[in-house]
Amino acid sequence: MKTIFIAGVLFSQTVFGQDAKELFNTASGFQRTGDYSNAILVFNQALQLDPDNFEYKKQLGYTWYLKGDLNKAKTIVEPLLNSKEADVQVYQIAGNIYVGREEWKTAQKVYERAIRKFPDAGELYNDNGNLQMNFKMYDAALSSWLKGIEKDPTFPGNYYNATKTYYYSNDPMWCIIYGEEFMNMESYSTRTAEIRMIVLESYKRLFNDPSLISTIIPDDDKRKRSKGSNGFAQAYKESLGKQLSVVTGGVDLDGLIMARTRFILDWDKNNSEKYPFALFDFQRRMLREGMFESYNQWLFGPAVSQAGYKAWTNLHKQEYDSFTKFQRNNQFKPRPDEYYNDGKFSLVNPGY
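Residues numbered from 1 in each chain as written. Predicted model: local features only at pLDDT ≥ 70, side-chain atom pairs only at ≥ 80, totals over all residues. Heavy atoms only, no water.

1. Things to note about the overall build of the protein
Of regular secondary structure, the protein possesses 18 helices and 2 strands. Buried residues in the protein amount to 51% of all 352 residues. Total accessible area on the protein is roughly 17,200 Å²; 49% of this is exposed by carbon and sulfur atoms. (Helix = DSSP H or I, 4+ residues; strand = E, 2+ residues; numbered from the N terminus. Buried < 20%, exposed > 50% of the residue type's maximum accessible area, 1.4 Å probe, protein only. Areas by Shrake-Rupley, 256 points an atom, 1.4 Å probe, with all protein chains shown as cover.)

2. With respect to the pattern of salt bridges
For side chains bearing opposite charge, pairing can occur when the charged atoms are close. For the structure on display, the rule yields 15 salt bridges. Ionic contacts of the salt-bridge type, sharing partners, join the residues Asp 268, Asp 281, Arg 284, Arg 335 and Glu 338 into one network. (Salt bridge = Lys/Arg side-chain N within 4 Å of Asp/Glu carboxyl O.)

3. Overview of unusual backbone geometry
Notably, Glu 102 is not glycine yet its phi reads approximately 60 degrees, a positive angle. Position of Glu 102 relative to the elements: it lies in the loop between α5 (88-100) and α6 (104-117). Among the residues examined, Glu 102 registers a relative accessible area of 56% and is labelled exposed. Even without being glycine, Lys 136 reaches a positive phi, approximately 60 degrees.

4. Side note on the environment of Lys 310
Examined against the element boundaries, Lys 310 turns out to sit in helix α17 (residues 306-315). Overall, the relative accessible area of 56% leaves Lys 310 in the exposed class. When the C-alpha positions of Lys 310 and Gln 297 are compared, they lie 9.9 Å apart, and in sequence the two are 13 residues distant.

5. Side note on the nonpolar core
The nonpolar side chains of a soluble globular protein tend to be buried, and buried together. Counting residues in each nonpolar core, the largest one holds 67 residues, and the members touching the most others are Ile 177, Tyr 178, Phe 207, Phe 232, Tyr 236, Phe 280 and Tyr 295. It is helix α10 (residues 172-185) that provides the largest number of residues to this core, a total of 9 residues. When residues no more than four places from it in sequence are discounted, the contact partners of Phe 207 are Ile 213, Leu 240, Gln 243, Leu 244, Val 247, Val 251, Leu 256 and Ala 259. Ranked by size, the runner-up nonpolar core spans 38 residues in total, among them Val 88, Val 90, Ala 94 and Leu 124. (Core = buried A, V, L, I, M, F, W, Y, C linked by side-chain atoms within 4.5 Å. Contact = heavy atoms within 4.5 Å.)

6. Here's the deal with helix α8 (residues 138-151)
Over its 14 residues, α8 extends 20 Å from the first C-alpha to the last, a length consistent with the 20 Å expected when each residue adds 1.5 Å. What α8 keeps buried is the set Tyr 138, Ala 141, Leu 142, Ser 144, Trp 145, Leu 146, Gly 148 and Ile 149. Those residues of α8 that are buried are in contact with α7 (122-134), α9 (156-166) and α10. (Expected span 1.5 Å × (residues − 1).)

7. Notes on the environment of Phe 155
Mapped onto the fold, Phe 155 is located in the loop between α8 and α9. Sequence separation of Phe 155 and Gly 122 is 33 residues, and the distance between their C-alpha atoms is 5.8 Å. Once residues within four sequence positions are removed from consideration, Phe 155 is found in contact with Gly 122, Glu 123 and Asn 126.

8. A look at the environment of Pro 276
Looking at the secondary structure, you find Pro 276 in the loop between α14 (253-270) and α15 (278-288). Look at Pro 276 and you get partly exposed, because its relative accessible area is 33%. Separated by 61 residues in the primary sequence, Pro 276 and Asp 337 place their C-alpha atoms 9.4 Å from one another. The residues contacting Pro 276, other than those within four sequence positions of it, are Arg 335, Glu 338 and Tyr 340.

9. Remarks on the confidence of the model for the protein
Across the protein, the average pLDDT comes to 90, with 89% of residues at 70 or higher. pLDDT under 50 marks residues 12-17. Its contacts with residues more than four places away, or in other chains, come to 12 contacts. (pLDDT = per-residue confidence, 0-100.)

10. Some points on a negative patch on the surface
Residues Asp 252, Asp 254, Glu 293 and Glu 319 make up a contiguous surface patch of negative charge. With respect to the helices, strands and loops of the structure, Asp 254 is situated in helix α14. Classification of Asp 254 as exposed rests on a relative accessible area of 56%. (Patch = residues over 30% accessible without salt bridge, like charges linked within 9 Å, V, L, I, M, F, W, Y side chains within 5 Å. Lys, Arg positive; Asp, Glu negative; His and termini not counted. Charge placed at Lys NZ, Arg CZ, Asp CG, Glu CD.)

Below is the structure:
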């Protein structure tokens, strides 16, 4: 029996398939911990045993990319794009390599090719939008992220980028909606804290500029209102506009919770059947379960006042603990076929 000793690990070469897999798992462990030199060494050993393995080659190329050798990474990954096994991840890796090498047009072609092959992969729209944003192609980037939300509603990255971009538009409504959806999908990260501030400021902007909210809709127009994107947006603004009186003294946390409570009750009564929407159903469930205040404290409290948020959670520990337990066990998931954005927007001072 032949044995090999790699990076402090002893391997026997008795069973071809099993040994290659064992080496691959070891290399993957090195990759995860940032030990790229050892990862490359062991990935190469695995490929000696199984030289045609697509996954091994892909991860070897990715490790060279992580190590910073873009030339070596390109040499390994580029041929994989023509393989029948080419998956979403290999296109992402190739795109990152081309971006790193400043081969912008090639990167764009890779993303376009990938999206044609995998039209429902949200991560590809996200990467494509990031590339377009680097070139200050703001409208194109936002269009890519919106298409990603439409095609893959459970991938959070497109919501994050769309929220940040809508913050610089003349329509904070979508900033509010996408931001809250993102926070529920990626609940405890630095990006969550960033979006929390943006959504709070967007509420202030919406309530401080009544021209952004339609408060009175003629009955004839209500009857004509379509079931599509324009109808959803109009219904949202109408329902939220009814709550202006709650925040006449300013958008503080108590007023925001009251406005959002009244909004969801109004939406449930007048619009929920015509415009089913998972986020509003989730809010309604929070109300029904008696957790809506805790939910809103979690959403906005840290952005309003860290000290006030900490004091509230200490004073209401039992109910807040019940909410966080519920949140862990009942993850919010947007539903397919509930995409209401018509894609029309006007960016003002994108700020990137």
